[in-house]
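# A structural walkthrough
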Amino acid sequence: MTDVFEEVEEEIRSERLKRLARNWLPILGGVLLVALIAALAWWGWQSFQTSRANAGSIAYQRGLESLQTGNSAGAETAFAEAEKAGNGAYKALALQQRAGLAVAANRIPDAIQLFDDAAKASGDPILHDTAVYKSALLMMDNGATLETLEAKLEPLTREGRPMLAFAQEALGMARLQFNKPAEAREVFVLLTLGQDVPDSVRQRAQAAIGMIDTGVAAGLPAIVAAQAVTPPAPPAPTAEQLAQAAQVQAAQAAQP
């Protein structure tokens, strides 16, 4: 009888295992298939991102080489290619380089927009804050309101931000430019007391406080306004023009 009972138990276990297999194997197979598809998709995405990063790196390096040889047009083309091909860091760097070329060509509105685009292109705090800071400096020199500048710079002055000291300095200068010396002084005092403030920034802050306390800074808005309407100075004479002028003077002196 013992043998019979064991045989029956074996049959029951076998039937139970078959039933479990019929119920769970399709589910397990589906889970494994989904996991395989997800792994392949992740691998494909990583490969695509790596390929884009490599393409952006190559184009960016080509842009730097063009800059070194003075080929601005070639640099613009290469950086535009790096912007499109790259992602994250290389895209942000390429946009900043394009902004620098726009500044050199006196296309200030284009440069401001490119710096703003660079800030949006990367989540890296250093790249983001540097681009915003440069954009704010250009806006400061080109008619932006104090409210606009404060909205742009104040987020960069929060604790732990990489451009904190430089953004504070720019904020203080903007307030001085708009004839708000008391508010500006508060910012400069913070800079003199800060722990991680670069020496050059600290020294400029101390000088600005001295200008405010002596009343010299009160004339800054008028100076800025005068500079805005003063026509640009004529270009300096070239070496060839100077040589020609010297020859004329020598000829005149030789005449009796």
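Because the structure is a prediction, the values reported are computed rather than measured.

## Some thoughts on the packing of aromatic side chains
Each aromatic ring pair is specified by the distance between its two centres and by the angle formed by the two planes. For the coordinates displayed, the defined rule picks out three aromatic pairs. Aromatic pair Tyr60 and Phe79: ring centres 5.4 Å apart, planes at 55°, arrangement tilted. In this pair, Tyr60 is assigned in helix 1 (residues 2-68) and Phe79 in helix 2 (residues 72-85), connecting sequence segments 19 residues apart. The residues Tyr60 and Phe79 share a single accessibility class, namely buried. Chaining the aromatic ring pairs together yields one cluster made of Tyr60, Phe79 and Tyr90.

## Thoughts on the packing of helix 2 against helix 3 (residues 89-104)
Following both chains from N to C, one finds helix 2 and helix 3 inclined at 150°, their axes separated by 8 Å at the closest point. In this view, helix 2 runs roughly antiparallel relative to helix 3, as classed from their interaxial angle. Both helix 2 and helix 3 take part in a crossing whose hand is left-handed. For the pair helix 2 and helix 3, the contacting residues are Ser72, Ala75, Glu76, Phe79, Ala80, Ala82 and Glu83 in the first and Lys91, Ala94, Leu95, Gln97, Arg98 and Leu101 in the second. Across the contact of helix 2 with helix 3, the residue classes break down as seven nonpolar, two polar and four charged.

## Re the nonpolar core
Residues Leu138, Leu149, Leu153 and Leu156 are the most contacted members of the largest nonpolar core, which totals 27 residues. Residue assignment for this core shows that the elements contributing at least two residues are helix 3, helix 4 (108-121), helix 5 (125-140), helix 6 (146-153) and helix 7 (164-177). In this structure, Leu156 is in contact with Asp129, Val132, Tyr133, Arg161, Met163, Leu164 and Ala167, ignoring residues within four places of it in sequence.

## Side note on helix 6
Along helix 6, the residues classified as buried are Leu146, Leu149, Glu150, Lys152 and Leu153. One side of helix 6 carries all its buried residues, which in axial view fall inside an arc of 165°. Within helix 6, the exposed residues directed more than 90 degrees away from the buried face are Glu147 and Ala151. Looking at the buried side of helix 6, the elements it contacts are helix 4, helix 5 and helix 7.

## Considering the pattern of salt bridges
If you walk through the whole model with that rule in mind, you get 10 salt bridges. Arg98 is the salt-bridge partner of Glu76, the closest N and O atoms lying 2.8 Å from each other. Of this pair, Glu76 sits in helix 2 while Arg98 sits in helix 3; the two residues are 22 residues apart in sequence, bridging distant segments of the chain. Judged by relative accessible area, Arg98 falls into the buried class, the value being 18%. Residues Asp213 and Arg185 are paired through a salt bridge, measuring 2.8 Å at the closest nitrogen-oxygen approach.

## Looking at the confidence of the model for the protein chain
Residues shown with low pLDDT carry predicted positions that ought not to be read at fine detail. A residue-level look at the protein chain finds 63% of positions with pLDDT of 70 or above and a mean pLDDT of 76. Across the protein chain, the element-wise mean pLDDT spans from 46 in helix 10 (residues 220-229) up to 95 in helix 6. For the stretch residues 36-51, pLDDT sits under 50, and the model shows one contact to residues farther than four places along the chain or on other chains. Of the regions scoring below 50 in pLDDT, residues 241-250 engages in one contact with residues more than four places distant in sequence or in other chains.

Reading the values: the criteria
Residues numbered from 1 in each chain as written. Predicted model: local features only at pLDDT ≥ 70, side-chain atom pairs only at ≥ 80, totals over all residues. Heavy atoms only, no water. Phe/Tyr/Trp six-rings, centres within 6.5 Å; stacked < 30°, edge-to-face > 60°. Helix = DSSP H or I, 4+ residues; strand = E, 2+ residues; numbered from the N terminus. Buried < 20%, exposed > 50% of the residue type's maximum accessible area, 1.4 Å probe, protein only. Axes fitted to C-alpha atoms, helices over the stretch in contact; angles between N-to-C directions. Parallel < 35°, antiparallel > 145°, perpendicular 65-115°, else oblique. Left-handed = near helix turned anticlockwise from the far one by under 90°. Contact = heavy atoms within 4.5 Å. Nonpolar A, V, L, I, M, F, W, Y, C, P; charged D, E, K, R; others polar. Core = buried A, V, L, I, M, F, W, Y, C linked by side-chain atoms within 4.5 Å. Arc of directions from axis to C-beta. Salt bridge = Lys/Arg side-chain N within 4 Å of Asp/Glu carboxyl O. pLDDT = per-residue confidence, 0-100.

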